[in-house]
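Each chain, written out:
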Amino acid sequence: MEKFTCLKSTAIPLASENIDTDQIIPARFLKATDKLGFGEQVFKDWRYLKDGSLNEKFILNNPLYSGSILVAGDNFGCGSSREHAAWALIGYGFKVVISSFFADIFKGNALNNGLLPIQVTPKYLKALLTEVTENPNTLLTVDLKNQSLESPVGMIRFDIDAYKKTCLLNGYDDIDYLMSKKNKINAFEALANTI
């Protein structure tokens, strides 16, 4: 995974609530077990009309908005436990998703794949969605080391599991983290064999 330390980016506002994983990546695209190509399918049924043409009303198709931060409505990532939802968001180019609530399984899948979910209060989210919608060039700053999110609506601190924070800062998945402890593991085994 890519290391995550500090990110300064514009954001895409997606104010819909209860966005489930089937809306993020429809089930018909889950046949692949490789992470490549999922970004092209993110929000497929919202990005395109039934005839295959671009849905110009959908926010990801609006050229005014861009960036690697998605500001979403409440209860993001609910529904099925598909890890592919995180793959699709990352494949599209998102590094951070901000919401006032995340489904637990989605949150875990996101963190395991290098996507940072930041949970904020409903009041902060509402103000941030308004700011980003009205001012597409608004810059947000996410500082993982200090666990802070800074925007024109204020600076807040966010919570993150200490282990997952370490993994993101170092670009580790779970195996990489274990491998980073190889010398300590070997020393422990050597000591255990002498007892």
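All values reported here derive from a predicted model rather than from experimental measurement.

The next thing to look at is unusual backbone geometry. The backbone of Asn18 shows a phi angle near 55°, a positive value even though the residue is not glycine. With phi around 50°, Gln147 is a residue other than glycine that occupies positive phi space. Positionally, Gln147 belongs in the loop between β6 (140-143) and β7 (148-151).

Next up on the list: the nonpolar core. Grouped together as the largest cluster of nonpolar side chains are 27 residues, with contacts concentrated most on Ile24, Phe43, Leu70, Phe76, Leu89 and Phe106. If you list the elements that add at least two residues to this core, you get β2 (11-14), β3 (69-72), α3 (84-92) and α4 (104-112). Setting aside anything within four residues of it in sequence, one finds Leu70 in contact with Ile12, Leu14, Phe43, Phe76, Leu89, Phe94, Val96, Val97 and Ile98. Val96, Tyr124, Val142 and Phe158 belong to the second-largest nonpolar core, a separate cluster that totals 24 residues.

Attention now moves to the environment of Met1. Topologically, Met1 is positioned in the segment before β1 (6-9). Residue classification places Met1 among the partly exposed positions, given a relative accessible area of 36%. Separated by 170 residues in the primary sequence, Met1 and Gly171 place their C-alpha atoms 4.7 Å from one another. Apart from the residues within four sequence positions on either side, Met1 is in contact with Leu111, Asn112, Asn113, Gly114, Gly171, Tyr172 and Asp173.

For any two aromatic rings, the description comes down to two numbers: the centre-to-centre distance and the angle of the planes. Scanning the entire structure with this criterion turns up 10 aromatic pairs. Taken together, a centroid distance of 6.3 Å and an interplanar angle of 80° make the contact between Phe76 and Phe102 edge-to-face. Note that Phe76 is positioned in the loop between β3 and α3 and Phe102 in the loop between β4 (96-99) and α4, a separation of 26 residues in sequence. Judged by its relative accessible area of 0%, Phe76 falls in the buried class. When its relative accessible area of 1% is taken as the criterion, Phe102 is described as buried.

Contact geometry for α3 and α4: axes closest at 8 Å, N-to-C directions at 50°. The angle between α3 and α4 falls in the class oblique. Crossing angle aside, the handedness with which α3 passes α4 is right-handed. Where α3 approaches α4, its residues Ala85, Ala86 and Leu89 are matched on the opposing element by Phe106, Asn109 and Ala110. Looking at the contact of α3 with α4 residue by residue, the class counts come to five nonpolar, one polar and no charged.

Analysis parameters
Residues numbered from 1 in each chain as written. Predicted model: local features only at pLDDT ≥ 70, side-chain atom pairs only at ≥ 80, totals over all residues. Heavy atoms only, no water. Helix = DSSP H or I, 4+ residues; strand = E, 2+ residues; numbered from the N terminus. Core = buried A, V, L, I, M, F, W, Y, C linked by side-chain atoms within 4.5 Å. Buried < 20%, exposed > 50% of the residue type's maximum accessible area, 1.4 Å probe, protein only. Contact = heavy atoms within 4.5 Å. Phe/Tyr/Trp six-rings, centres within 6.5 Å; stacked < 30°, edge-to-face > 60°. Axes fitted to C-alpha atoms, helices over the stretch in contact; angles between N-to-C directions. Parallel < 35°, antiparallel > 145°, perpendicular 65-115°, else oblique. Left-handed = near helix turned anticlockwise from the far one by under 90°. Nonpolar A, V, L, I, M, F, W, Y, C, P; charged D, E, K, R; others polar.

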